[in-house]
Amino acid sequence: MAVDIIVGAQWGDEGKGRITDLLAADVDIVARYSGGDNAGHTVTIGEVVFKLHLIPSGIVHDRPTCLIGNGTVVNPAVLCQEIDGLLRQGVDASPRRLKLSRQAHLITAAHIALDKAREARRGGEAIGTTLRGIGPAYTDKTSREGLRAALLEDPQSLTDAIFAHVGQKNEVLQNVFGQQSLDPGKVALELSAYANRLAPYLVESSAFVHEALQANKHILAEGAQGTLLDLDHGTYPFVTSSHPTAGGALTGLGVGPGAVSRVIGVAKAFTTRVGGGPLPTELQGPPADRLRGTGENPWDEYGTTTGRPRRVGWLDTVILRHAARINGLTELALTKLDILSGWDEIKVCVAYELEGQRIDYFPSELKSLEKVQPVYERLGGWPEDITSARRLSDLPRNARRYVDFVAESSKVPVKIISVGPARQQVVWDR
Ligand code: IMP
């Protein structure tokens, strides 16, 4: 069997949790490969809405085992809260169902304090991070000063490491940012309580994944964030600190490219982003409000993790082609097509104009991105409510045309279309 990878094709929040949920019923393992609790995945089953940040969305199914892979950064407090929340909702999140890589890195109170201090220092240039300590935890990983999850099963080493870590971060917090220092004893005490709980979840994750592959098991790698937030391929520096792309799935789980069968790019039928940085097709005023929703529904465009209203814009196929190239997408899942019902006309960005020249690639430099003007194609809208469509033939002609247009201009077939938040509100093109 093989690994199928789910990646976000835009700036995150594309509905990856929703697509993972659709595919998870038939797989043996669902694994998160990058990011931490900056992610927010919403899965709606009947009346119940599950909001997950760290634990793979596959946990709400009975069958798959879930793995938090080596490429992730984990706040033990958040993980324990999430496990408790699932148990309260009747979901088994015991070590039998959920595994945590010994090589995942820990997020501490000091990382969170640093994230806040750095963002405050950036002022008007702030990245708009989720303030969850993600950047500082990955910085420690790459500077080879990080704290790996394996420490959770060695209480003395954990305490020693936390004292050294907090001591070092206190110097920066006090001397560089003029902030209060943290009490290392308090941080160590809190973490040792979580360590007791989480130690039974630890595994040698790449061996776990390889054994599964050898036993012919099917693995779904669940992405967080999106291609445009990738540290290398996104809108740097307005990105996250990890690799939410297909390459990140390989290193983030410890598998080679030969094991990969499908790479499914999830894209919203329009575009959203949270935080700062360029968004070439951004809309303002009433059209933006209409796409965003009022915030009354869990699927409206307000951050699952931070509650921030998302910036919204028309679909950008320059971005989709970029995502197709970076990730080697084999197919697209198009989400929230139903939100476009009722518009007379829908615009889709097909290229950019940069200093009088038409370009059809996504420029890597912020200076260029800030100057690009979207070139739009105008497509006819459809008045019909499409939330009960289940086959392609149920969609109105213009909605089908929209889907075909997305596939043609991104050069990737659209295989899954979501037309509502519920599990069954899906059109498959098999
Ligand atoms: P960080 O990952 O908290 O460092 O935030 C860096 C950037 O990535 C900010 O613009 C965040 O809004 C964005 N970001 C991080 N995680 C997500 C996500 O799950 N969805 C959408 N944006 C995200």
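In this convention, every chain numbers its residues from 1, walking through the sequence in written order. In view of the model being predicted, local features appear only for residues whose pLDDT reaches at least 70, and side-chain atom pairs are presented and counted only at 80 or more, with totals across whole chains, interfaces and linings using the full set of residues. Working from all heavy atoms in the structure, the side-chain values ignore hydrogens and water.

Draft legend 1. Highlighting the site of the ligand. Nearness here has a simple test: a residue counts as near a molecule or strand if at least one of its heavy atoms is within 4 Å of that partner. Near the ligand there are 16 residues, and of these Asp13, Asn38, Thr130, Thr240 and Arg308 occur at the shortest range. Between the ligand and the protein, one listed contact pairs an oxygen atom with a backbone N or O atom of Gly128 at 3.3 Å. Counted as a polar contact is a pair of N or O atoms within 3.5 Å, where, for protein atoms, one must be capable of donating a hydrogen and the other of accepting one, and residues adjacent in sequence contribute only when both atoms are in side chains. For the ligand, an oxygen atom lies 2.6 Å from a polar atom in the side chain of Thr130. Across the complex, the protein chains shield 97% of the 470 Å² of accessible surface that the ligand would expose by itself. Each residue receives one of three labels: charged for Asp, Glu, Lys and Arg, nonpolar for Ala, Val, Leu, Ile, Met, Phe, Trp, Tyr, Cys and Pro, and polar for the others, Gly being one of them. Looking at the shell around the ligand residue by residue, the class counts come to seven nonpolar, seven polar and two charged. Note: domain ranges come from an automatic or database domain assignment. In this structure, the shell around the ligand is formed jointly by two domains, domain 1 (3–95 + 204–428) and domain 2 (105–201), each of which donates at least three residues. Only the protein chains shown count as cover for residues, and the accessible areas themselves come from Shrake-Rupley with a 1.4 Å probe.

Draft legend 2. Region of interest: the nonpolar core. Judged by nonpolar contacts, the single largest core of 59 residues is most densely connected at Ile5, Leu337, Leu340 and Tyr402. Counting from the N terminus, the helices are the DSSP runs of H or I reaching at least four residues and the strands are the DSSP runs of E reaching at least two. Here this core gets six residues from one element, more than from any other, and that element is helix α12 (residues 397–410). We call two residues contacting when some pair of their heavy atoms lies within 4.5 Å. Ignoring sequence-local partners within four residues, the contact set of Ile5 consists of Tyr33, Ala221, Ala246, Ala249, Leu250, Val260, Arg262, Val263 and Ile264. By nonpolar core is meant a set of buried Ala, Val, Leu, Ile, Met, Phe, Trp, Tyr and Cys residues that side-chain atoms within 4.5 Å join together. Whether a residue is buried, partly exposed or exposed follows from its accessible area with a 1.4 Å probe, protein chains only, as a fraction of its type maximum: under 20%, in between, or over 50%, in that order. Within the second largest apolar cluster, 49 residues are counted, among which are Leu52, Leu158, Leu191 and Val266.

Draft legend 3. A look at the pairing of strand β19 (residues 414–418). Here β19 lies mainly inside the structure; four of its five residues are buried. Looking at chain direction, strand β15 (residues 331–335) and β19 are connected through three bridges and run parallel. Residue pairing in the sheet places Leu334 in a bridge with Ile417 of β19. DSSP bridges decide pairing: two strands pair if at least two such bridges lie between them. Looking at chain direction, β19 and strand β20 (residues 426–428) are connected through three bridges and run antiparallel. Residue pairing for β20: Ile416 is matched across the bridge by Trp428.

Draft legend 4. Structural context of the packing of helix α10 (residues 317–327) against α12. Where helices are involved, their axes are fitted lines through C-alpha atoms of the stretch in contact, as for all axes, and angles between N-to-C directions lie from 0 to 180°. As a packed pair, α10 and α12 sit with axes 9 Å apart at the nearest point and diverge in direction by 55 degrees. In terms of orientation, α10 lies oblique with respect to α12. The crossing of α10 and α12 is right-handed. Contacts from Thr317, Leu320, Arg321 and Ala324 of α10 reach α12 at Val406, Ser409 and Ser410. Any angle from 65 to 115 degrees is called roughly perpendicular, while one under 35 is roughly parallel, one over 145 is roughly antiparallel, and all others are oblique. Crossing handedness: left-handed means the near helix sits turned counterclockwise from the far one by under a right angle, and right-handed means the same turn made clockwise.

Draft legend 5. Examining the side chain of Gln425 more closely. Along the chain, Gln425 turns up in the loop between β19 and β20. If we ignore the near neighbours within four places in the chain, the residues touching Gln425 are Arg18, Thr387, Arg390, Ile417, Ser418, Val419 and Gly420.

Draft legend 6. Quick peek at the pattern of salt bridges. Just to be clear on terms, a salt bridge is a Lys or Arg side-chain nitrogen sitting within 4 Å of an Asp or Glu carboxyl oxygen. Applying the stated criterion across every chain, the model contains 21 salt bridges. The partner of Lys371 in a salt bridge is Glu355, and the shortest N-O contact between them spans 2.8 Å. Here Glu355 lies in the loop between β16 (345–354) and β17 (357–359) and Lys371 lies in helix α11 (residues 366–371), a separation of 16 residues in the sequence. Assessed through its relative accessible area of 60%, Glu355 is described here as exposed. Here the salt bridges do not stand alone but share partners, grouping Asp13, Lys268, Glu301, Arg310 and Lys336 into one network.

Draft legend 7. The arrangement of the pairing of strand β7 (residues 98–101) in detail. The alternating pattern of β7 places Leu98 and Leu100 on one face and Lys99 and Ser101 on the opposite face, and all of these are buried. As paired elements, strand β5 (residues 65–68) and β7 share three bridges and run parallel to each other. For Ile68, the partnering residue across the bridge sits in β7 and is Leu100.

Draft legend 8. View of the domain arrangement of the protein chain. You can read the domains of the protein chain as domain 1 (3–95 + 204–428) and domain 2 (105–201). One C-alpha centre belongs to domain 1, the other to domain 2, and the line joining them spans 29 Å. Each partner contributes residues to the interface: domain 1 has 31 residues there, and domain 2 has 22 residues. Carbon and sulfur atoms make up 61% of the surface buried where domain 1 meets domain 2, a total of about 2200 Å² over both sides. Linking domain 1 with domain 2 are two salt bridges, by the criterion used here. Between Arg197 and Asp84 there is a salt bridge, and its shortest N-O distance comes to 3.0 Å. In this assembly, domain 1 and domain 2 are joined by 10 residue pairs in polar contact (both at pLDDT 80 or more). Counting residues per element, the ones that place at least two in the side of domain 1 that touches domain 2 are β6 (73–74) and α2 (76–88). Across the side of domain 1 that touches domain 2, the residue classes break down as 12 nonpolar, 16 polar and three charged. Joining two parts hides part of their accessible area as seen by a 1.4 Å probe, and the buried area is that hidden amount summed over both.

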